[in-house]
Structures are given as structure tokens and as C-alpha cells.
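Examination of the molecular architecture
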Amino acid sequence: MRALLDKRLLFVTGKGGVGKSTVAIALGLVAARQGLRTIVVELASQERIQGLFSENGEGEQFRELELAPGLFTISIDPQQAMEEYLRVKAGTLGQALGSSRLFQAFAMATPGMRELLSIGKVWELAQLDRRTRGAAPYDLVIVDAPATGHGVGLLRTPKTFADIARVGPIAHQGQAIADTIADPEFTGVIAVATPEEMPVNETLILADELARDELTLDVVIVNALYPARFETGEIAALQDALSKSRSNLARSALRAALSEHARAATQREQRDRLLTRVDGRLVELPYVFAEHLGVAELEVLADALEDAL
Amino acid sequence: MNVAEILEGKRVCVCCGSGGVGKTTTSAAIALGMAARGAKVAVVTIDPANRLANALGLEQLGNEPRRVSRDRLAVGPIDVKGELWAMMLDPKRTFDELIDRIAPDSGRAEEIKANRVYRELSTAVSGSQELTAIAKLYELDQENEFDLLVLDTPPSRNALEFLDAPGRLNSFLEGRALKAFLRPTGFGVRALGRGALPLLGGLRRITGLDLITDLTVFFQLLGDMTNDFSERAAQVEQLLRADTTAFVLVSSAAREAVDEAIWFGERLASDGLPFAGVIVNRVHHDLLGDREPRELSAALAGTLTPSLAGRVSDNFRDYHVLATRDDHNLSRLATQLDARRLLLVPQLDDDVHDIDGLARVHRYLFASQVDRERLIADLVA
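Below or above, wherever it landed, is the structure these notes cover. Just so we're clear, the structure is a prediction, and the values are computed from it rather than from any experiment.

The next thing to look at is the overall build of chain B. Each helix and strand in chain B was counted, giving 19 helices and eight strands. Within the span of chain B, comprising 381 residues, buried residues form 46% of the whole. Contacts in chain B between residues at least 24 apart in sequence constitute 76% of all its contacts with a sequence separation of at least 6.

Each helix and strand counted, chain A has twelve helices and eight strands in total. Going through the 309 residues of chain A one by one, you find that 49% of them count as buried.

Residue and element names in this part refer to chain A. A sheet is described by the order of its strands in space; here eight strands give the open sequence β3-β4-β2-β5-β1-β6-β7-β8, paired in mixed fashion. Of all the strands in the sheet, just β3 (65–68) and β8 (282–286) have a single pairing partner and so form its edges. Each strand of the sheet is rotated relative to its neighbour by a mean of 25°, with strand direction disregarded. Pairing geometry for β3 and strand β4 (residues 71–75), over three bridges, is antiparallel. If you follow Leu65 over to β4, its bridge partner there is Thr73.

Moving on: the sheet that holds strand β3 (residues 66–67) of chain B. Residues and elements named next belong to chain B. Read from one edge to the other, the open sheet built from eight strands follows the order β3-β4-β2-β5-β1-β6-β7-β8, with strand pairing classed as mixed. The open sheet is flanked by β3 and β8 (342–346), the only strands paired with a single partner. With six bridges connecting them, strand β2 (residues 40–45) and strand β4 (residues 83–88) associate as parallel partners. Residue Val41 lies in a different strand from β4, and its bridge partner there is Leu84.

With that settled, consider the pairing of strand β6 (residues 245–252) of chain B. Residues and elements named next belong to chain B. Burial of β6 is extensive: eight of the eight residues sit out of reach of the surface. Residues Thr245, Phe247, Leu249 and Ser251 line one face of β6 and the alternating positions Ala246, Val248, Val250 and Ser252 line the opposite face, and both faces are buried. Examined bridge by bridge, strand β1 (residues 12–16) and β6 share five bridges and lie parallel to one another. Its bridge partner lying in β6, Cys13 is registered against Ala246.

Moving on to helix α2 (residues 20–33) of chain A. Residues and elements named next belong to chain A. With 14 residues, α2 should reach 20 Å at 1.5 Å per residue; the first-to-last C-alpha distance of 20 Å fits that figure. Across the 14 residues of α2, 13 count as buried, placing the element largely inside the fold. Looking one or two residues beyond α2, the residue adopting positive phi is Gly35, at roughly 85°.

Bringing the nonpolar core into the picture now. Counting residues in hydrophobic clusters, the biggest one holds 164 residues, and the most contacted among them are Val12(A), Val41(A), Val141(A) and Val41(B). Per element, the largest residue contribution to this core is nine residues, and it comes from α2(A). Aside from chain neighbours lying at most four places away, what touches Val41(A) is Ile74(A), Ile76(A), Val122(A), Leu125(A), Val141(A), Ile142(A), Val143(A) and Asp144(A). Counting 19 residues, the second-largest nonpolar core is a separate cluster that includes Phe230(A), Ala256(A), Ala299(B) and Ala323(B).

Conventions we followed
Residues numbered from 1 in each chain as written. Chains lettered and ligands numbered in written order. Predicted model: local features only at pLDDT ≥ 70, side-chain atom pairs only at ≥ 80, totals over all residues. Helix = DSSP H or I, 4+ residues; strand = E, 2+ residues; numbered from the N terminus. Buried ≥ 20, exposed ≤ 12 C-beta atoms within 10 Å, placed from the backbone. Contact = placed C-beta atoms within 7 Å. Pairing = 2+ DSSP bridges. Axes fitted to C-alpha atoms, helices over the stretch in contact; angles between N-to-C directions. Expected span 1.5 Å × (residues − 1). Core = buried A, V, L, I, M, F, W, Y, C linked by C-beta atoms within 7 Å.

Here you go:
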């Protein structure tokens, strides 16, 4: 995992609802603790990460914001990324193009263009010599990538554009980004899954798809794993107590215990399905029993991640 | 209130919600329940878990609904009076079929499907699943084979695009303007004025010629069909706004999912789309009530070893944290949306992946108010 943080660009992906953003930010905390100037990038203008750190989540849209010492975040908007790209690449002409409604409609209607623009901005953030004037470089860029299916599409987009365009600036830029993504020294892919059937299926499919594109899945993070509180041998005792107890409260608690044991067991079956596939690259994160996932809980997850490094 | 009441007189039920909240399962349970009550129902799902797909007979990817056989349904405890049909959406194929249907002739359809931009990018990108789901829904509605269509939609971040789908079809194909723009010597450039030429030059300079050629052809091909697309988009929108359509939000009681549901509810309201209710899955009901956690140790003493009793208490305390969290989030949901339209399904012991499981979820969704209260009371007592 140390090697993971030696990279400069990390994509965190996984099925919706598995805690991708949480993991991305916890990983960001680990990196920042180790002295890396780190930025966590949200795509598709979600702007959720800010909200994790401040209840009001106010602040400027689509700008680099410092959340904690050494930890930044930005939410990328494709349209704004396009305007910035055109301004930098084509000067006044680009500016004129960027503000043309017709051109905007054209660019945004082009299949894949939003993805290309978003990943282009990610690539820019990961460069030591940033295109944006006066912008300081980052040691590590962590992308809170879209859900699995779309995530692979995102990684593939630059190559696709490069192939279609063949020559010209888009082909160039697309190829440069594709090369960066394909470079295992530079780029890493992390899949997050909760130990349930669908997220595990998607992770296995993701591993296959990445392999097909000659990309590697560096680490799989199993998130929200219930603690194994009860041994299978203890279940009979719990059931016995349930049938005998005359206290409603005790029965509720016993039923909750049996229920959690069942879920924890199912979770471990699912985790084992992952283990057979990604042996040695599996990191477990505990279920956080908290009313609200705030900075304190994120720090707990960061501790767990750091231990696994 | 229950699902049967919500869907009284409806022909379309669109289930929306963020990822991982049990949307597919809920859609299937709704369809099963309505079929049980005598309707001919088709559920269109996006991506069911393997075992659920097997339970519904969806092993083969077909782009048309298939009937779930009586044998399969007979496994469960529900007597199904009507018919349950299910299909898994194949976005690529639906997209192709859409082109086939709208293209003026088969030659044009083949040309579009062979275009590199279409082939490489049309289905890989975000939004295509949403677009095709809605296209399929419309098509099935037109065919009028079913009493009720239940649509399981992609997760809600993208459902924003899904709601925009009809509009997107239009803007995607603001064909006239684009065509004019792309034809350097045509009437369009003259109409757009002198500004267009440098823009076009700039566009070519920035994007590279080959890409532009492919894109030009792509947009021209589609652009010729703009009228059909617009008409279709308008009809789809009409379907989504109809009195006979119900949008059901699906959520869990976790904070992010509830945030999404609230956001989605507001979005439905501002778009004038018919919001019918919220189904909240995986609810941790309060098992403690007005009792004290301390009482538990006493109640457990003697029946279990101290170590085991301690862990049962720990587990119960953790469970109670989640119950408190859920309660808090649910009251927020009830305040923001209509509290009377909240249907709660408790956290079940395992993932739902068969007809039996669907029947269990179904019990909570279709129970009368009185029965529901009894089900919850059973859980607590």
C-alpha cells in the first residue's frame, strides 16, 4: 500500500452506495498525514465532500479548496473544464469558442466529451507543471470516480478519442492522458465494495474489464464489514436464550444479535469471493456504527487504512 | 397507505433512488405484488443480482419481457392471480433498435450504426442507460400489452440525466443548428453570419480533422431525423407526466440515501412529475423504546455467559445507534416530503435474492396500515 501512495493519480471506483467518497477522503487523510499535498477530486459536480467537512458546505464552486492541512478538494464541472482548456490551449480564439452557445451545445452533445473533459482536468491536476497559471502541483490526486460501469468508461475515454481522432490536438491530448493512465508507476485503480453480492459482482467484472484494457486493479477495499462478534458455536446458546427469555428487551437484543451474526456470515462469504480473486490486495474497513459520518469517523477509517499500508 | 393504493389506476411505476438502496429488489417486489392482485405486470430492470435474475428467469439477456413461469412463482408463499413478466435492459441493443425505428430507411440506420462515433461512444457514456431505459418504457407503453409497467432506473446521480432524457434527445439533436454549423459552405453558415467561419476553423484546429469528419457525419445522420426525435421526446415527456404514471422513490435510512431521496423529491416537484411515495429499505427500527440499555444486562444475566451477554449488549448498543440515526433521517425525510407517503421495510437478515425474499419484502409493501403496525410490533417484542 505504501507503493499505492507513491503513485500520483488514484482512481477510486465501485458500485453506487458502497462508500466511494468516504474511502477516497479517508485515503486523502492518510496521504496528507504522510506529508503529501493531496487533492480529492469529485466528478460530475457532486460537491458532497465539502459537506463532510462543513455542515454548510458553502464556498466557491469548482475551485480547489483546502479541507485540512495538506488536503484539498475540487468538484469538476465538464463545461468549466472545457472553457479552461480552450482558454489555455487556444487563447482568445478558444475563449470565443468557449463562450459560443453553439459550440458548447456541440461539445456537450458529443458522446464522451464530458468524460474526456473531466479526465483532462484530472490529468492537469496531476501534472507537476500545471497548465493553470500559478497553480501549485500536487503530490497525489485521488479521484472519487463514477460508479463502476461508468468508471471504466471514464478511464477508457481518452484512448477512444485518441483512436477516433487519430491526428490533431484531441488525438494528442487523448493519447497523452491514455499513456498516463496506462502507466502503473503513475496511476492506480482502487475498487471499493461492500461485502454484498452486487458490489462484489461489479468488482469482479471491473477486474476483468481493467485487465482487458491492460490496466491493473491495485487494491480492493471491502468497506463496512460487520465485526465477527459471535462464534458459530455460540449461536445455539443465543437461540436457546431467545426461546426461554421472558424479557422483551432481552429477546429484542438476542434477535438483533442473531440477525447481525447472519449478516456478518453472509458478508464473509462475499468477502471470500473477492479474496479468491484479489488475494493479497484486499483491505478491510469496519462498519462504522455512528449517527453521522463526520471528521472523527473519517479519521478512524484513515487509521484503519494506514494500518493496512 | 400501501403500494397497492399508491398504484391504483396507474399504468407506469418508475422507481428512482441512489445506488445500493435495493431499488431492483423493490421494483421486483412491487411487480410481484401487483401481479398477485390480478394485473399483468412487466418489470424492466437494469442490473439484477445473479440470483435474483435466476429467480425471475432472466438468465438470458433478452430485450423483450418474458413471462415468469407459474412454477417459479409457485415456490413462494404468494398466490399470483395475474401475470408477472420481467426483462433486463440491454442498453446497446435498445439504442440500436431506437435508431432502426426512427431512421427513414434501413440504409440510413445501418450508416448510423456503423459510424465510429456512434459505435465507440454512444453506449459507453453516462446517460445512455437512462436514455435507453426511458425509450424502452415508452415503447412498451405504446405496445399496450401490460396493465402496469414497473421501471427500475439507474442510480439517481444519473437519474438527473434520466429525467432530462427527453430534453437531452432534443438538445442532442439540435440538428438544424449543428448541421448548418458543420456544413461550411451551406446555407447555415450564411445564416449564422461571419462569426461561424472562424469558429469552425477553430473547432477543426482544436479537435483534429478526422474526429470532426466522423462527428459531422454522425450529427448529420441524426440531424436529419430531428423531427422524429423531437416528436418522440415530447411523447415520452407526456407519458412521464401522465396521471397514470407514478414515481416511487426508493431509499435506505442512511443519511446520503435520504439526502438523495429529498433531492429527488424536490426535483420531481419542480419538474411537475407525479410523485407517489417513498419506500425506505433496511430500516433499523427502535427496539429499545423507553427502556434503559442498563436493564438489558439484568435481563440477560443468568441466561448467557458474561462474555456472550457482554457482546450481545455491545451489539444491541451499536444497533441502537443505527436505529437512532435512522429515526433522525426518517423524520427529516418525512418533513421534507410527504410523511403519509413513507413506507418502511425493516433491515432483513440477508440479501433478497429469490421469490421467497421478494415475498418477504412484499409483505411490508402491501400490508394494510394495521397489519404493518403489527409486523413492526412483532419485530420489537
